[in-house]
Amino acid sequence: MIKFSMRIFSLIAISISVLFFGISSAFAENPTKVGFVYLTTPGDHGWTYAHELGKKMVEKRFGKDVKVSVVENVPEGPDATRVIRELAKQGNEIIFTTSFGYMEPTLKVAKEFPNVKFEHITGYKRSKNVATGNIRFYEGRYIQGVVAGLMTKTNKIGYIGAYPIAEVIMGINAFAQGLKSVNKDASISVIWANTWYDPVKEADAAKVHIAEGADVLAQHTDSPAMLQIAEKNGAMGFGQSTDMSAFAPKAQLFASINNWGPYYIKKIEELRNGKWNTGDSPNHWPGNVWGGIKSDMLVISKFQNMPANVAQKAQEALDGIKTGKINIFAGPLIDNTGKEIIPAGKALDDGALWGMNYYLQGVNGKVPG
Amino acid sequence: MEALILTIIATSIPLLLAAIGELIAEKSGILNLGVEGMMLSGAVGALGAVLWLENPYYGIIAGALSGVLMASIFSAFTINFMTNQVATGLGLTIFATGLTGLAGAPLVGKTIPSLPKIEIFLLSDIPLFGNILFKQDFVAYLSIAIIIFTSLFLKYSKSGIILRAVGDDHQSAHSVGYPVKKIRWYATCFGGMCAGIGGAYIPLVLTPHWSEGMTAGRGWIALALVVFASWIPWRIIVGALIFGGITIAQLVGQARGWAIPSQLLSMMPYIATIIALTMISGRLSKNNSVVPSSLGKPFFGSQ
Amino acid sequence: MITFIPRDKVSKNWIIIAPILSIFFTIFFGLLIFTFLGYNPLETLYQIFVSPFSRIDRISDILVKACPLIIIGTGLMLCFKSNVWNIGAEGQFIMGALLAGFIALSFPNIETKFFLLITILAGFVGGALWAFIPAILKTKLNVNEILVSLMLVYVAMLFIDFIVRGPLRDPMSFGFPLSKPYPEGALINKIPFPGIGFLGQLHYGILFVFLLVPVSWIFVNKTLGGFKINVLGSAPQAAKFAGFKRNSITITVLLLSGGLAGVAGVIEVSANIGQLQPEVSFDYGFTAIIVAFLGRLSPVGILFAGIIIATVKLGADNAQMTMGIPKVVTGLFEGILLFFLLTGETLQKYKIKWSEGKK
């Protein structure tokens, strides 16, 4: 009897010690501990799903050499501060915070944990141990504009934006540049959903665009709702963040895919080699790494549901951006009120892109706010 | 224009269904603030059923059943255990938001076939409004049928008159021998069924998805619609269309480049509801017979 | 067949038994649901209820999370006690934070912490003004305060969104919806502990809670105002007979609860965020309704209720990090807990009788 209770006692003791020291003992082991903070769940099939795919590439590349923990559905506020701190406390050596709203929380926690590396996605503030990474999403939008201009019959393009921030506005303007290069008569109407992810609202906005005569739709929101509405109503559109052709096999012309994997792998590699750094690029525009099509951080999916000549034009635009032959924001640039932004022979630099608060020619209306 | 009207109708249907269900519950004296929760469970139930059985019509049934299930929880607590209706209703919404979030997690990112449109022979070919009135999906026809049915039921049927009697004065109704609790159970469950179907309509027709809290406050709007309609069924159609119309109008305004901040446009439906409530309540205080007098009061009588 | 028989007076035993039983039932049903959904039920319970207490800084995080809930809950207590159903505290929280933020950002160089008194007062005024709308509509035009206060939540959410993306946006934010950072004088600092440093996010705003709980206890139990509120809620006829003015009480409790929600908004933003952003409240206003009921509409009860709900919320985060359980489980627990608590209230007033009779 005593023996038995001894055994139970030791069992309890062991389990308690496992519970309490499990975390600290993990420090001693080899794998690099990597943390990810997600805004929604990978089930959004958009923004967070793209990060999830990046995380999977990390796991595949490093195998047992990394240990990944993920926290989903973290609101952008005090909860984020707590969750990021918790991840740092649990011994993660590098933490990727994958939404703009985590900027201040990330900086705050980074100050408390100078030995942990932080990677804030899409932000513009850095510190000694906070680096930022971003994708040139607008490059894909230019190609979308080219395809839209050639595919539209009504010459009306419906665009659904999340919020009127520089990142989204530069996407709309890049789209307009692509559109203008092939079709001078078409124009873009913009509906702001005021949310990144609300399928019902995105669907309503898509329906309104179609009812207003648009036959090609583009979105800078995260759910596949817009493409599903397009599919149902015989319109066309572009996938956002990930390949959405499963939701709209007939309607998706192509998708601009965010490819975070290579960036994550590069930064984790740097950390393991002791070469991790925040770069030395100027502080006034986001991303000490701001990669696009050339660096494979933005991937264009297969061109589909379009005639061969359109696909060929799209391919030319893609090649042009890749080789640098096409500069999307090269002058002359005129905004939609007729004001010249930049004369011929010059081009907007990265800093100017992040100050965009106007629409270029080809976009209807006015930037709110 | 036709396409816009169709969009407005589609947006209004979930509101209309949830509101008519709540109207019946309130007529029996039950104020159920859990409409949002019942709609959410209808949505998740429908999506799950269609993924499993691959037929959108099962989604309607599953949505109705999920709504009834939630309404039964509410009834058990408020009618049998005599708990505070306001607090229990709030609790139901919070509970259902959590439960559906949990149960819906594996459904996120999956998609289902939509409910097909049914063309009514010949009528759908009428110019101008043929497409709008006679080329709708099953639930749209069903919702109109429910409005007509409840309207006639409340006015002309004996059961309808008993229901109203229970809502107006449960003590007298009880003393004449009507089973107050049983009638309230039925009325609340009918409310749950309608809210469930209304919720189911969102994934079945509006957007074939699940996302947490996707009803986005429509259940509360439905509650406001009941007051807006001053407990008269056909007025719910008007209220729902006005609300749907404002929702869509602010999107149209943006697409056409009206220079009003979108947030201010989005506020319009809520402000309009407050104004409507104020106007109606002013009139109601003069003519109090419309409001079920026992609304929200628990009934202690033993049966 | 169960029947209820009214008790002569409220059962003292049940006042203590009911909350304990409801927590017990909640855990039981929680276990059932987790098992049904395929999670290890015991580990889930450990993560949700025990793990938040496993480290001192986690405990301080509980206090930080509970702080706004307790402040709002105390205000709501006054409303609910007098049968006024303010369910729009979320909107009042936002408007309080917004008005205080506006004032804070108007004085970009202020450093003295006395300035906090002004911003907190502004928060009170902002929240109270927002609650004044349902108050005046209710008393003058008999408009249902449940629906009005709720509709105003959505209006407030859209309004702060508009302000932060438009008029108050930091021009240096690349179009991102953030205001400028608050001046030093408008920030609530973290509490430094000698030898330890900071404990998580633990800040001086917590002191307000320790002030509020005794003050509200005295108000409810020892003053005429508190007495009127109690009578009005529990015996409206008697209140009428005694000549208590229903309308002025309704307005007072709505203004107080709106004001307190606004103060909670100021403290939350000044201590934890430090600038305005589109989202400043994370369902605090709605969760506080549960807190008020769980605390059985008493100041001390609400203190504990706030801590319990905050624990569940943090525990749900931990459960997600370690087990991948969606965060929404908190809502599930809150809902069930509320159901059983309300049932407990019935059992205080009624005896149960089991009988074999026909229905």
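Residues numbered from 1 in each chain as written. Chains lettered and ligands numbered in written order. Predicted model: local features only at pLDDT ≥ 70, side-chain atom pairs only at ≥ 80, totals over all residues.

**Overview of the overall build of chain B**
Thought 1: Regarding its fold elements, chain B presents 12 helices and 2 strands.
Thought 2: Reading the helices (α) and strands (β) of chain B from amino to carboxyl end gives α-α-α-α-β-α-β-α-α-α-α-α-α-α.
Thought 3: Seen through its principal axes, chain B has C-alpha atoms that stretch 60 × 45 × 45 Å.
Thought 4: Counting only residues that meet the buried cut, chain B has 58% of its 303 residues in that class.
Thought 5: Long-range pairs, those at least 24 residues apart, make up 78% of the contacts in chain B between residues at least 6 apart in sequence. (Helix = DSSP H or I, 4+ residues; strand = E, 2+ residues; numbered from the N terminus. Buried ≥ 20, exposed ≤ 12 C-beta atoms within 10 Å, placed from the backbone. Contact = placed C-beta atoms within 7 Å.)

**Details of the sheet that holds strand S10 (residues 252-258) of chain A**
All names here are of chain A.
Thought 1: The 6 strands are arranged S7-S6-S8-S9-S10-S12 in an open sheet whose pairing can be described as mixed. Edge strands, defined here as strands with exactly one partner in the open sheet, are strand S7 (187-192) and strand S12 (298-300). Across the sheet, the axes of successive neighbouring strands diverge by a mean angle of 20°, strand direction being ignored.
Thought 2: In terms of strand pairing, strand S6 (residues 156-161) meets strand S8 (residues 216-220) through 5 bridges, oriented parallel. In the sheet register, Gly 158 faces S8, and the bridge partner there is Leu 217. (Pairing = 2+ DSSP bridges. Axes fitted to C-alpha atoms, helices over the stretch in contact; angles between N-to-C directions.)

**Points about unusual backbone geometry**
Thought 1: Following Gly 331 of chain A, the chain continues to Pro 332 of chain A via a peptide bond in cis, the omega torsion being 0°.
Thought 2: You can see Pro 332 of chain A is positioned in the loop between helix H10 (308-323) and strand S13 (333-334).
Thought 3: Here the phi dihedral of Met 82 of chain B falls at roughly 55°; this positive angle occurs in a residue that is not glycine.
Thought 4: By secondary structure assignment, the location of Met 82 of chain B is in the loop between helix H3 (56-80) and helix H4 (85-104).
Thought 5: At Leu 297 of chain C, a position not held by glycine, the phi torsion is positive, near 50°.
Thought 6: For Leu 297 of chain C, the position within the fold is in the loop between helix H11 (284-294) and helix H12 (299-323).

**Examining the environment of Ser 127 of chain A**
All names here are of chain A.
Thought 1: Tracing the chain through its elements places Ser 127 in the loop between strand S4 (117-121) and strand S5 (130-135).
Thought 2: When the 14 C-beta atoms within 10 Å are taken as the criterion, Ser 127 is described as partly exposed.
Thought 3: Non-local contacts of Ser 127, meaning those with residues more than four positions away in its chain, are made with Leu 107 and Ala 110.

**Details of the domain arrangement of chain A**
All names here are of chain A.
Thought 1: We note that the domain assignment places domain 1 (27-135 + 260-291) and domain 2 (138-257 + 300-353) within chain A.
Thought 2: Placing a centre on the C-alpha atoms of domain 1 and another on those of domain 2 gives a separation of 29 Å.
Thought 3: Between domain 1 and domain 2, the residue contacts involve 10 residues of the former and 11 residues of the latter.
Thought 4: Here the element with the most residues in the side of domain 1 that touches domain 2 is helix H2 (residues 47-62); it accounts for 3 residues. (Domains from an automatic or database assignment.)

**As for the sheet that holds strand S1 (residues 32-37) of chain A**
Residues and elements named next belong to chain A.
Thought 1: Ordered in space as S2-S1-S3-S4-S5-S11, the 6 strands form an open sheet in which the pairing is parallel. Strand pairing shows two members of the sheet lacking a second neighbour, strand S2 (66-71) and strand S11 (289-291), which therefore form its edges. The sheet shows a mean angle of 20° between the axes of neighbouring strands, taken without regard to direction.
Thought 2: Against the sheet, H2 makes contact with S1 and S2, and its axis sits at roughly 165° relative to S2, the strand it touches most.

**Topic: the packing of helix H1 (residues 12-36) of chain C against helix H2 (residues 41-50) of chain C**
For any two helices packed against each other, one specifies the crossing angle of their axes together with the interaxial distance.
Residue and element names in this part refer to chain C.
Thought 1: Orientation of H1 relative to H2, taken along the N-to-C sense of each, is 125°, at an axis distance of 9 Å. It follows that H1 is oblique to H2 by the angle criterion. Of the two possible hands of crossing, H1 and H2 adopt the one that is right-handed. Note on element contacts: H2 touches H1 through Pro 41, Thr 44 and Leu 45, opposite Ile 27, Leu 31, Phe 34 and Thr 35. (Parallel < 35°, antiparallel > 145°, perpendicular 65-115°, else oblique. Left-handed = near helix turned anticlockwise from the far one by under 90°.)

**Here's the deal with the pairing of S6 of chain A**
All names here are of chain A.
Thought 1: Across the 6 residues of S6, 5 count as buried, placing the element largely inside the fold.
Thought 2: The sheet contact formed by S6 and S7 spans 6 bridges and is parallel. Bridge pairing in S7 links Tyr 159 to Val 190.
Thought 3: Regarding topology, helix H6 (residues 166-182) serves as the crossover connection from S6 to the parallel S7, and that connection is right-handed. (Right-handed = clockwise from strand over helix to strand, strands pointing away.)

**Considering the interface of chain C and chain A**
Thought 1: With 20 residues of chain C at the contact, the number on the chain A side is 27 residues.
Thought 2: Ranked by the residues each element gives to the side of chain C that touches chain A, the list is headed by H12 of chain C, at 3 residues.
Thought 3: The class makeup of the residues in the side of chain C that touches chain A is 6 nonpolar, 7 polar and 7 charged. (Nonpolar A, V, L, I, M, F, W, Y, C, P; charged D, E, K, R; others polar.)

**Notes on the interface of chain B and chain C**
Thought 1: On the side of chain C, 39 residues touch chain B, which itself brings 40 residues to the contact.
Thought 2: Mapped by element, the contributors of at least two residues to the side of chain B that touches chain C are H4, helix H10 (218-228) and helix H12 (262-286) of chain B.
Thought 3: The class makeup of the residues in the side of chain B that touches chain C is 23 nonpolar, 16 polar and 1 charged.

**Describing the packing of helix H3 (residues 56-81) of chain C against H12 of chain C**
Residue and element names in this part refer to chain C.
Thought 1: Following both chains from N to C, one finds H3 and H12 inclined at 135°, their axes separated by 7 Å at the closest point. With respect to each other, H3 and H12 are oriented oblique. Our pair here, H3 against H12, has a crossing hand that is right-handed. Contacts from Arg 58, Asp 61, Ile 62, Lys 65, Ala 66, Leu 69, Ile 70, Gly 73, Thr 74 and Met 77 in H3 reach Pro 299, Ile 302, Leu 303, Ala 305, Gly 306, Ile 307, Ile 309, Ala 310, Thr 311, Lys 313 and Leu 314 in H12.
Thought 2: Tallied by class, residues from the contact of H3 with H12 come to 13 nonpolar, 4 polar and 4 charged.

**Comments concerning the nonpolar core**
Grouped burial of nonpolar side chains is what soluble globular proteins tend to show.
Thought 1: Core analysis: the largest hydrophobic core is formed by 337 residues, its most contacted members being Ala 19 and Leu 225 of chain B together with Ile 72 of chain C.
Thought 2: Here this core gets 16 residues from one element, more than from any other, and that element is helix H9 (residues 180-206) of chain B.
Thought 3: For this core, the domains that each give at least three residues are domain 1 (27-135 + 260-291) and domain 2 (138-257 + 300-353) of chain A.
Thought 4: Excluding residues that lie within four positions of it along the chain, Ala 19 of chain B makes contacts with Ala 222, Leu 225, Val 226, Ile 236 and Ala 240 of chain B. (Core = buried A, V, L, I, M, F, W, Y, C linked by C-beta atoms within 7 Å.)

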